Amino acid sequence: MSWIAIGALAVVGVGIPLGMMAASALLRPSVPEQGKSATYESGEIPTGTARSFKFNIQYYMVALLFVVFDIETVLVFPWAVIYSDAVEVVGITRALGPMLLFIGILLIGLVWAWRNGAVSWTKSPRATRRKTERGDA
Amino acid sequence: MIIEALIAFTFAAALLVFAVPNKYAGKVAFGLSLVPVIGSLYMWSLFESGGNALTGGDIAFETIIPWVEIAGIQVQWFVGVDGISLPLVVLTTFLTSLAIVSAWTPIKERQSQFYGLMLFMEANLLGVFMALDFFLWFIFWEAVLVPMYFLIGVWGGPRRKYAAIKFFVYTNVASLVMFIGFMALVFGLNVETFGLPEITQALANDQLGTWFGIAPDTLKLIAFLALFVGFAVKVPVVPVHTWLPDAHVEAPTPVSVMLAGVLLKMGTYALLRFNFTMLPEQASLLAVPIAIIAVVSVIYGAMLALAQTDLKRIVAYSSVSSMGYVILGLIAFTEFGVGGATFQMVAHGLISGLMFMSVGVIYNATHTRIVSDMSGLADRMPVAVGILIAGAFAYMGLPLMAGFAGEFFIFAGSFGSTFLPYAPIFTALAMFGIVIVAGYLLLAMQKTLFGEYRLETDYEVTAAPLHDVAPMAVLLLAIIALGVAPWVFLDMIFDAVAPILANGGGL
Amino acid sequence: MDPTVVTTAALQSQLPEWTALGPVIVLGLTGLLLLTIDAIWPKRNANTTYAIVSAAGAIIALGITVWYLVAGTGQETHGGAITLFSEAIVVDGMALFFTAIFTSVAALVIVASHDYLKGHENSAEFYSLLMFATTGMALMAVSNSLVTVFVSLEMASLPSYALVGFLKKDRGSVEASLKYFLIGALSSAVFLFGISLIYAVTGSLLLTEISAQFADGGVAGFAGVAGIGVLMIAGGFAYKTASVPFHFWAPEAYEGAPAPVSAFLSSASKAAGFVVAFRVFAEAFMPLLEVTPAIDWALAFAVLAVLTMVVGNFAAATQENVKRMLAYSSIGHAGYALIGLAALTAGGPHNGDVMGAAMAHLLIYGFMNTGAFLFIAMVEYWGVGRTFEDYAGLSQKAPLACVAMAVFMFSLAGLPVFGGFFSKYALFASAVSAGFWWLAAVGAVTSALSLYYYSRVVKAIWIEEPNGNLDVIESKPTGLYAAIIFAAVATVLLLPGFPIALETAEAAASALFA
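- By the naming in an unreviewed UniProt entry, chain B goes by NuoM family protein and is assigned to Natronocalculus amylovorans.
- Annotation of chain B in UniProt includes, under Sequence similarities (unreviewed entry), the sentence "Belongs to the complex I subunit 4 family."
- The annotation that UniProt attaches to chain B under Subcellular location (unreviewed entry) is "Membrane".

- Taking an unreviewed UniProt entry as the reference, chain A is identified by name as NADH-quinone oxidoreductase subunit A belonging to Natronocalculus amylovorans.
- Comment text from UniProt for chain A, heading Subcellular location (unreviewed entry), reads "Membrane".
- As recorded by UniProt, the Sequence similarities (unreviewed entry) comment attached to chain A reads in full: "Belongs to the complex I subunit 3 family."

Brief notes about the overall build of chain B
Reasoning step 1: Of the regular secondary structure elements, chain B holds 20 helices and four strands.
Reasoning step 2: For 507 residues, the compact-globule formula gives about 23 Å, and the C-alpha radius of gyration of chain B, at 22 Å, lands near that figure.
Reasoning step 3: Projected onto the principal axes, the alpha-carbon positions of chain B cover approximately 70 × 55 × 40 Å.
Reasoning step 4: Split into buried and exposed, the 507 residues of chain B put 64% on the buried side.
Reasoning step 5: Counted over contacts in chain B with a minimum sequence separation of 6, partners at least 24 positions apart contribute 80%.

Some thoughts on the overall build of chain A
Reasoning step 1: The number of helices and strands found in chain A is four helices and zero strands.
Reasoning step 2: Taken from N to C terminus, the helices and strands of chain A fall in the order α-α-α-α.
Reasoning step 3: Across the 137 residues of chain A, 1% fall into the buried class.

Points about the arrangement of the chains
Reasoning step 1: Counting contacts across all two pairs of chains found in contact, the highest total belongs to chains B and C.
Reasoning step 2: When C-alpha atoms are compared, chain A and chain B, though not in contact, are closest at a spacing of 46 Å.

A closer look at the environment of alanine 58 of chain C
Residue and element names in this part refer to chain C.
Reasoning step 1: Within the fold, alanine 58 resides in helix H2 (residues 47-71).
Reasoning step 2: For the pair alanine 58 and serine 510, spaced 452 residues apart in the sequence, the C-alpha separation amounts to 28 Å.
Reasoning step 3: Residues in contact with alanine 58, not counting those within four places in the same chain, are Thr103, Ala106, Ala107, Ile110 and Thr134.

A short note on the interface of chain B and chain C
Reasoning step 1: Residue-level contacts link 23 residues of chain B with 23 residues of chain C.
Reasoning step 2: Contributing elements (two or more residues each) for the side of chain B that touches chain C: strand S1 (60-70), helix H5 (134-155) and helix H6 (160-189) of chain B.
Reasoning step 3: Here the residues of the side of chain B that touches chain C are counted per class, giving 17 nonpolar, four polar and two charged.

Details of the interface of chain A and chain C
Reasoning step 1: Across the contact, seven residues belong to chain A and six residues belong to chain C.
Reasoning step 2: Of the residues in the side of chain A that touches chain C, the class split is four nonpolar, two polar and one charged.

Comments concerning the UniProt feature "domain: NADH:quinone oxidoreductase/Mrp antiporter transmembrane" (unreviewed entry) in chain B
Reasoning step 1: Under the UniProt annotation, the feature "domain: NADH:quinone oxidoreductase/Mrp antiporter transmembrane" (unreviewed entry) is placed at residues 131-419 of chain B.
Reasoning step 2: A helix fraction of 79% and a strand fraction of 1% characterise residues 131-419 of chain B, whose end C-alpha atoms lie 29 Å from each other.

Here we look at the pairing of S1 of chain B
Residues and elements named next belong to chain B.
Reasoning step 1: Two elements, S1 and strand S2 (residues 73-81), share eight bridges in a ladder whose sense is antiparallel. Looking at S2, one finds that isoleucine 64 is bridged to phenylalanine 78.
Reasoning step 2: Two successive antiparallel strands, S1 and S2, enclose a turn made up of two residues, where alanine 71 displays a positive phi of approximately 50 degrees.

Some words on the nonpolar core
Reasoning step 1: Membership of the largest hydrophobic core comes to 437 residues, with the highest contact counts inside it found for Ile331 of chain B together with Ile339 and Leu374 of chain C.
Reasoning step 2: With 21 residues, the single largest contributor to this core is helix H14 (residues 351-382) of chain C.
Reasoning step 3: Excluding residues that lie within four positions of it along the chain, isoleucine 339 of chain C makes contacts with Ala305, Val354, Ala358, Leu427, Ala431, Leu439 and Gly443 of chain C.

Side note on the UniProt feature "transmembrane region" (unreviewed entry) in chain A
Reasoning step 1: When the UniProt feature table is mapped to this numbering, "transmembrane region" (unreviewed entry) covers residues 6-27, 59-83 and 95-114 of chain A.
Reasoning step 2: Structurally, residues 95-114 of chain A comprises 100% helix and 0% strand, and the distance from its first C-alpha atom to its last is 29 Å.

So, H6 of chain B
Residues and elements named next belong to chain B.
Reasoning step 1: An ideal rise of 1.5 Å per residue puts 44 Å on 30 residues; H6 measures up with 43 Å between its terminal C-alpha atoms.
Reasoning step 2: Most of H6 sits inside the fold, with 22 of its 30 residues counted as buried.
Reasoning step 3: Among the residues trailing H6, asparagine 190 stands out with phi positive, at a value near 65 degrees.

Things to note about helix H4 (residues 123-142) of chain C
Reasoning step 1: Taking 1.5 Å of rise per residue, 20 residues should cover 28 Å, and H4 of chain C covers 29 Å from first to last C-alpha, within 8% of that figure.
Reasoning step 2: In terms of burial, H4 of chain C is a largely internal element, 19 of the 20 residues being buried.

Comments concerning unusual backbone geometry
Reasoning step 1: With an omega of 10 degrees, the peptide bond between valine 238 of chain B and proline 239 of chain B qualifies as cis.
Reasoning step 2: Looking at the secondary structure, you find proline 239 of chain B in the loop between helix H8 (216-234) and helix H9 (243-250).
Reasoning step 3: Cis rather than trans, the peptide bond between valine 244 of chain C and proline 245 of chain C has omega equal to 5 degrees.
Reasoning step 4: Here proline 245 of chain C shows up in the loop between helix H8 (223-240) and helix H9 (249-256).
Reasoning step 5: Not every positive phi belongs to a glycine, and tyrosine 422 of chain B is a case in point at roughly 55 degrees.
Reasoning step 6: Along the chain, the position of tyrosine 422 of chain B falls in the loop between helix H17 (402-415) and helix H18 (423-449).
Reasoning step 7: You can call tyrosine 422 of chain B partly exposed: it has 14 C-beta atoms within 10 Å.
Reasoning step 8: Its identity is not glycine, yet alanine 242 of chain C carries a phi of approximately 55 degrees, on the positive side.
Reasoning step 9: Examined against the element boundaries, alanine 242 of chain C turns out to sit in the loop between H8 and H9.

A short note on the environment of glutamine 113 of chain B
Reasoning step 1: Here glutamine 113 of chain B is to be found in helix H4 (residues 111-130).
Reasoning step 2: Taking the C-alpha atoms as reference points, glutamine 113 of chain B and tyrosine 170 of chain B, 57 residues apart in sequence, are found 25 Å from one another.
Reasoning step 3: Setting aside chain neighbours within four positions, we find glutamine 113 of chain B in contact with Phe18 of chain B together with Pro399 of chain C.

Structural notes on the environment of isoleucine 183 of chain C
Residue and element names in this part refer to chain C.
Reasoning step 1: Along the chain, the position of isoleucine 183 falls in helix H6 (residues 171-202).
Reasoning step 2: In this structure isoleucine 183 comes out as partly exposed when scored by C-beta crowding, with 18 C-beta atoms within 10 Å.
Reasoning step 3: Isoleucine 183 sits 30 residues away from glutamine 213 along the chain, and the two C-alpha atoms are 32 Å apart.
Reasoning step 4: Those residues in contact with isoleucine 183 that lie beyond four places of it in its chain are Tyr239, Phe248 and Trp249.

Conventions we followed
Sequence order as written defines the numbering, with residues in each chain counted from 1. For naming, the first written chain is A and the first written ligand is 1, with later ones following in the order written. Residue-level local features of this predicted model are given only where pLDDT is at least 70; pairs of side-chain atoms are given and counted only at 80 or more, and the full residue set underlies all totals for whole chains, interfaces and linings. UniProt positions are given in the numbering used here, feature names are shortened, and annotations may be inferred rather than shown by experiment. Numbering goes from the N terminus for both helices and strands, where a helix is a DSSP run of H or I of at least four residues and a strand is a run of E of at least two. Here the globule rule reads 2.2 Å times residues to the power 0.38, and the radius of gyration is calculated from C-alpha atoms. With C-beta atoms placed from the backbone, a residue is labelled by how many other C-beta atoms lie within 10 Å of its own: buried for 20 or more, exposed for 12 or fewer, partly exposed between the two. Distance between backbone-placed C-beta atoms decides contact: two residues are in contact if it is within 7 Å. Basically, the charged four are Asp, Glu, Lys and Arg, the nonpolar ten are Ala, Val, Leu, Ile, Met, Phe, Trp, Tyr, Cys and Pro, and anything else, Gly included, counts as polar. The pairing criterion for strands is at least two bridges between them, as found by DSSP. Here, a nonpolar core denotes buried Ala, Val, Leu, Ile, Met, Phe, Trp, Tyr and Cys residues that are linked to one another through C-beta atoms within 7 Å. Helix span, as expected, comes to 1.5 Å for every residue beyond the first.

Pasting the structure below:
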């Protein structure tokens, strides 16, 4: 029985946006114009194709490091919640030790990545060249 | 322990020679190879014959050490000799030393590798003749092929690649067939070890059960055929002989000596040990086809030899012919037949070794082996030619030479065989082969050695160097010694052969 | 902690139980140590230091493993398997046996890489990735739960993808890495889905509990779901072991990768796939063969084994590029090892023999295949080409290494002169005694075929004359030479020493079926 309510919610949830789009399609005036189909309606003219657009590899580096520590947080959080209870049950060594080890491993990784220039924003030779060319022009 | 010492020393000598500088490798290898000669002679001096190793007789210098158990069957280090294997062991050590000396002239590059491989091959050959565990024996058997492949392939003549591959493929396929056939037999037998005596005696006691629904008799027949095919390639007999002339022609002289002198005997030795000792009933069943193969090998091999223009090919095909006699002696299954065949293995090893050395000496001097390119060499190199002529007469079976004793006993044994139907006819046909042998050998000698001196190639022929002639002379002495006193081997051979012939007939 | 573990083992009485994981810990710490060194002196690029540190780590791990094996840790004789972390980890004979394979292959590859990486930047990454991959493999060997299996599998795979693409300026290497990664990601997904299905049916991820559930027959109603789950997991293993029809990545990856990495992947990574497959199927899915005959995974593996042996060997026979030929031959060898799973039967008396023989084969294969790929690495190091023709006459320049290569080739072909023959024979003979004579027959025929293409290499390096291709050879790389010679010596010595390998392996495998 309780599934009926969920079903009804789903119907309403899908129905409202569909209904709004249908209503607007019926009511609005239709004035097709070239400017409306452009990627940026603000007048900016796109150059190149969407696929040739590349991010600097260093965005990925930062993102990767972020993900690592994001996941770490997910693990540390529940650990922190039960920490004081855990200390009572198994003692401080077995409650704290593994987490220190875990964070230690991550730290080694972070330090290594840092020292090897993963977070320092160096410029690729091509980007530098392009910038100077533009500056010359 | 002497067998282990002998094999281990030869392996160590091979490794040592690999490391010796090219310049000294030949001399060092010869020096080291004398130790196995002395060792095998020492074994001979201690040896007291006492029946056949496989049928429950005494096994001299026996060692059994368990190695590994695979799928319920124990593999062992099991070595020992009896009256059949000891003569072949002596032949191996003796011929290897002489072959090494005969390599001094023709082998000009990568000597240390060459002599190392020769000694490596000798060690494995000794293993083949002394191993009494099937697995151990098979490892040595296959390990002989590897150095041979390189010896032909690296130091051979112009078509060495083709010859080496042909040799390798032929003998390996044959080994695989033989191995699978024998394995089927062993799995059906329920034996505990791969020891050849145990397997032989289990077969004799009819312990063979059905295996995957194959009845014992069928299994035995399959195994016999697989083994026969496997060994026939090695011997070789017509029609699986085609690798032999190619291998011989391309191989350098010392390698030919080893190939004809010892490697071919592996095939006949294995035929005797496996087919005829373990499965005599099947041999009896197939006696006529095997005798036909033997006689065809004798006649066809000799005819092919008659048609050749290359001296080395003549000797190579004549080996096919001579091996036919050995098969005939085996299938006769009489004491004289099998004993004579075993003796002939040794005799032919010495004689064919001598013939190949002679051809090698001629080639060293003239750089040609084509009969029509030369004549009258006897004037220029009298000693070598003299020995060559003596060797050729030994080949033809001149009395008081080793070849005579072997062939005489083979024919005597096969003529009266009751095991082989139509034995007299087969014997008579095979004896006809001797006539052809005499024909082609005399013809070739007359053309090349006598008459006016003439040589088509631009070389000055002088007397052969001492280290080329000396091994030939030693071989000739050995051939004469065995011809005069064949009983030094024959007694122990007959002693070891007799137990095999429990269900054979005649003499 | 499992209270049933009897602590009578010689080592546990002296050492805490977690030390059973010693090899894994040492490997992981070595990887971290490498990163630390590189973090302290980032610009130094001390190739030699890294090589020494990582080789020492691998050898120490190997030493501990062998010590445990000899002392009987986790084995029948000393109180049985040691389980840790609520049974998610198990240390037993099989785990130690395979750890020995991984660490010895890793040690060989590291020693050889020292020369290969000379003048290369980022060598610290290479060694640490190698160590982390080895750690992952060692963890795979001790995994006793589908979760640890998956995590350790990924831990071994991710560094492998990076290692394959390590020559980042070489298009072949990068392309191989991408293909390897994409197919790996796909198969991981399939594998994970299979795990979830098994979990859905049995309600557990521990192998022992899954086994108990299947044995009770409590899953009879979900046989279809369980069957699909088993099939998907089998597919995941087939990918990791490069078995047909999941082998397409292997020739590309092995050919494109730097040759030491190819050696590592085709020997250690393959063995790692097998250890997990052996444990999961022999431990967790064994009751299925008996209780639910419809889920006949042994038959599935038999089909895979036949296909892999045939396709691998035939494809290898048609190659002109030596490295690619070896890649296909390593697929063929996966087919031989698969017999270890295919010839299992419910309660069969030969199960331990069959799997033990497969393990022994993987050990010997570890040495001979690594050696062969390291020879290729040396040829790449010299800059001699890649085809059979380019190899012509190499023996005139490097006779010792060419002797070793001939040993590897003949041993891989199963010529009865070296270790490879015994292990193949043990595999086929035990398959025959288990009743699978046709698997043995296919194996024997394909091995005979393999002699053809292996002997082509021998022919090229020994019998052919050099055609001016060898002038580029200038130096003799010591590390590569040492690794190759060591692998060759091991391959030769494993002929007389085969009983040790086989008996250890059979004991370890039999413990799984007890």
